[in-house]
Amino acid sequence: MRTRFESLGAYTPRTVRSTEELIAGLAMPRSLDLERITGIKNRHVHNSDPDNYESSFVLALRAIEDCLHHSDYTADDIDVVISVSITRFRGPDLFCYAPAFALMLRNAIGNTHALHFDLSNACAGMMTGVMVLDRMIKAGVVRNGLVVSGEQITPIADTAMREIDKPYDPQFAALTVGDAAVAVMVDDRGDDNDEIHYVELTTTAYGAEFCLGMPSDKSKGIAMYTDNRQLASEHRYAQALSRMSDFFTETGRSWESEKYDYWIHHQFSGPAIEHICRLAEQHFGTPMPQLLNVLEEFGNTASTSHFLVLHEHLARKRIPRGSKVLLIPEASGIVSGHLAATISRLEA
């Protein structure tokens, strides 16, 4: 059985916060050149007006609506809804652990029968959701499904702005984030022009320094703490490349035989992504495919980043039909892996 991406939707808030504005709000001396370090110029931020509040739930719902607008399926046709967001805000200061976000989103679009569950795997959430759904379809459990994430994650940047007081701080990565939502329909109608070829993920325990929780001063809000040295570790990237080489060997493939047209990395740092590309070129001994990014204008949108890149480049008509795209996750945890798909039907 062959699976495919049947439709894709996204939503980004209208409010834009510049890196310059964010740095100006830091409590520490403002010598940190965040734009140079990350390549991020702007990020989109949810509407915080109580009358028009853009919670994680609202963002996700708008992405689903956009996805279904481009789909041949109706909401009632969906067999399973999988919600994968890190953040689960239902309103101002209301972080919802239960009931499942997937259940609430399913009900909100008028579907009363679909299977539903949440999963969370840091910034690899969408990739993990697609992997699980791909396996469910191939096992005959469902015919299709929706994977969705709404990330209202900029409150961690607000906390970081209040608390960072030195150049190196475990909340540094929080300054890169932006809010966004994506949703993708996957079904069992894949063919030569539209197919998810493979999706594989690996988690290594040594990166478990990631934590999302209450800020250190117990003030209002949430915070994210990471060991940034682990996240930027060259050893970590080398291990990920070695695992991909092992996958090629085990499945009778090679980098050259795959003929990728584009590849998309997690949108956490432009210079770091370029460094990964150089390492990959050295490792495989061949030029890399064309790199697709949107981090300059959207920042790090957490679990939504890869599919937001895909959506934005499709909307700009920069991905021809029949292109083969490789998605590479980089997630706290630490999660690495790869997803390859040929896409012809997708539009934005």
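Residues numbered from 1 in each chain as written. Predicted model: local features only at pLDDT ≥ 70, side-chain atom pairs only at ≥ 80, totals over all residues. Heavy atoms only, no water.

Draft legend 1. How the structure looks around unusual backbone geometry. With omega at 0 degrees, the peptide bond leading from alanine 98 into proline 99 counts as cis. Structurally, proline 99 can be placed in the loop between strand E6 (94-95) and helix H4 (101-108). For alanine 302, which is not glycine, the phi dihedral falls at a positive 60 degrees. If you trace the backbone, alanine 302 turns up in the loop between helix H11 (295-298) and helix H12 (305-315). (Helix = DSSP H or I, 4+ residues; strand = E, 2+ residues; numbered from the N terminus.)

Draft legend 2. How the structure looks around the packing of helix H3 (residues 56-69) against H4. Running from N to C, H3 and H4 point in directions that differ by 50 degrees, and their axes come no closer than 11 Å. The angle between H3 and H4 places the two elements in the oblique class. Crossing hand, H3 versus H4: right-handed. Here Ser56, Phe57, Ala60, Leu61 and Ile64 of H3 come into contact with H4, specifically with Phe101, Met104, Leu105 and Ala108. Along the lines of polarity and charge, the residues of the contact of H3 with H4 split into eight nonpolar, one polar and no charged. (Axes fitted to C-alpha atoms, helices over the stretch in contact; angles between N-to-C directions. Parallel < 35°, antiparallel > 145°, perpendicular 65-115°, else oblique. Left-handed = near helix turned anticlockwise from the far one by under 90°. Contact = heavy atoms within 4.5 Å. Nonpolar A, V, L, I, M, F, W, Y, C, P; charged D, E, K, R; others polar.)

Draft legend 3. Up close: a negative patch on the surface. On the surface, Glu20, Glu21, Glu35, Glu296 and Glu297 cluster together into a negatively charged patch. Looking at the negative patch, the elements that each hand over two or more residues are helix H1 (19-24) and H11. Topologically, glutamate 20 is positioned in helix H1. (Patch = residues over 30% accessible without salt bridge, like charges linked within 9 Å, V, L, I, M, F, W, Y side chains within 5 Å. Areas by Shrake-Rupley, 256 points an atom, 1.4 Å probe, with all protein chains shown as cover. Salt bridge = Lys/Arg side-chain N within 4 Å of Asp/Glu carboxyl O. Lys, Arg positive; Asp, Glu negative; His and termini not counted. Charge placed at Lys NZ, Arg CZ, Asp CG, Glu CD.)

Draft legend 4. Layout of H4. Buried residues of H4: Phe101, Ala102, Met104, Leu105 and Arg106, and no others. Of the surrounding elements, those touching the buried residues of H4 are H3, strand E4 (80-83), strand E5 (89-91), strand E7 (115-118) and strand E8 (144-151). Immediately downstream of H4, the backbone of glycine 110 shows phi near 90 degrees, a positive value. (Buried < 20%, exposed > 50% of the residue type's maximum accessible area, 1.4 Å probe, protein only.)

Draft legend 5. Up close: the sheet that holds E4. If you trace the five strands from one edge of the open sheet to the other, you get E1-E9-E8-E4-E7, paired in mixed fashion. With one partner strand each, in any of the chains shown, strand E1 (4-11) and E7 form the two edges of the open sheet. With direction set aside, neighbouring strand axes in the sheet form an average angle of 15 degrees. The sheet contact formed by E4 and E8 spans three bridges and is parallel. The partner of isoleucine 82 across the bridge, within E8, is valine 147. Set on the sheet, H3 makes contact with E1, E8 and strand E9 (180-187); between it and E1 the angle comes to about 130 degrees. Against the sheet, helix H5 (residues 125-138) contacts E1, E4, E7, E8 and E9, and its axis sits at roughly 170 degrees relative to E8. (Pairing = 2+ DSSP bridges.)

Draft legend 6. How the structure looks around the packing of aromatic side chains. Tallied over the full model, the rule gives 11 aromatic pairs. Between the aromatic rings of tryptophan 255 and tryptophan 263, the centroid separation amounts to 5.6 Å while the plane-to-plane angle is 80 degrees, which identifies the pairing as edge-to-face. Like tryptophan 255, the residue tryptophan 263 is buried in the burial classification. Here the aromatic cluster, defined as three or more aromatic residues joined through ring pairs, consists of Tyr198, Phe247, Phe248, Trp255, Tyr260, Trp263 and Phe284. Arginine 90 extends its terminal NZ or CZ atom over the ring of phenylalanine 57, reaching a point 3.8 Å from the ring centre. (Phe/Tyr/Trp six-rings, centres within 6.5 Å; stacked < 30°, edge-to-face > 60°. Lys NZ or Arg CZ within 6 Å of the ring centre and 35° of its normal.)

Draft legend 7. Highlighting the pattern of salt bridges. For the structure shown, the criterion picks out 16 salt bridges. When the shortest N-O distance is used, the salt bridge between arginine 345 and glutamate 6 registers 2.8 Å. Remark: glutamate 6 occurs in strand E1 and arginine 345 occurs in the segment after strand E16 (335-343); sequence separation between them is 339 residues. Since its relative accessible area comes to 22%, arginine 345 is described here as partly exposed. Given a relative accessible area of 1%, glutamate 6 falls into the buried group. Across the pair aspartate 33 and arginine 36 runs a salt bridge, and its minimum N-O distance is 3.6 Å.

Draft legend 8. Up close: the pairing of E4. Taking every second residue as pointing to the same face, both faces of E4 are buried, with Val80 and Ile82 on one and Val81 and Ser83 on the other. As judged from the four bridges shared by E4 and E7, these two strands associate in the parallel manner. Paired with serine 83 across the two strands is aspartate 118, which belongs to E7.

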